[in-house]
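What follows is the residue order along each chain.
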Amino acid sequence: MRRLRSALLLLPLLLATAAVEPIAAEDSRGDGLITIESDQQSADNSTGVVTASGNVRIVHANRGVVATSRQAQYFTKEERIVLRGDVDVVQNDGHALRADQVIYLLQEDRAVAIPVEGEQVYSQWTLKDPSPGTEP
């Protein structure tokens, strides 16, 4: 869940932009450059909703995360990020998540993945062996 959070926290950077060109910005934690590309990007200051649509691709190179979807929205007032349409989050270490929709609730540090009706969510994780001397 923590690794998914890294990928989904990238969207707040859209808030300051309304460009059609790819965006490059520094992560607020200083973890490196984040790039967001999409066919269109917009921010509505009255509602606090930031939207990237069409071939959305988010790259956080230092964390080894690439997320793609058809649309990504950041709801600043609710502190909620929603990725919609063929959502695919992949990390260099092999962790992956695929769903039709992923909702990330920032305050709760919780994500919900929703499949297309009649299908399933796919996730792939590497489980590490516990340290010697620890109990399950």
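Structural data are supplied above this passage.
Not measured: the values here are computed from a predicted model.

### Some details on the side chain of Gln101
Thinking step 1. Within the secondary structure, Gln101 is located in strand β7 (residues 96-105).
Thinking step 2. The class for Gln101 is buried, based on a relative accessible area of 18%.
Thinking step 3. Here the side chain of Gln101 touches Arg84 through a polar contact of 3.3 Å, side chain to side chain.
Thinking step 4. Beyond its immediate stretch of four places on either side in the chain, Gln101 contacts Val82, Leu83, Arg84, Val87, Val112, Ala113 and Ile114.

### Comments concerning the nonpolar core
Thinking step 1. Counting residues in hydrophobic clusters, the biggest one holds 13 residues, and the most contacted among them are Val56, Ile58, Val87, Val89 and Val102.
Thinking step 2. By size, the runner-up hydrophobic cluster in this structure holds six residues, among which are Tyr74, Tyr104, Leu106 and Ala111.

Reading the values: rules and limits
- Residues numbered from 1 in each chain as written.
- Predicted model: local features only at pLDDT ≥ 70, side-chain atom pairs only at ≥ 80, totals over all residues.
- Heavy atoms only, no water.
- Helix = DSSP H or I, 4+ residues; strand = E, 2+ residues; numbered from the N terminus.
- Buried < 20%, exposed > 50% of the residue type's maximum accessible area, 1.4 Å probe, protein only.
- Polar contact = N/O pair within 3.5 Å; in protein donor to acceptor, adjacent residues only side chain to side chain.
- Contact = heavy atoms within 4.5 Å.
- Core = buried A, V, L, I, M, F, W, Y, C linked by side-chain atoms within 4.5 Å.

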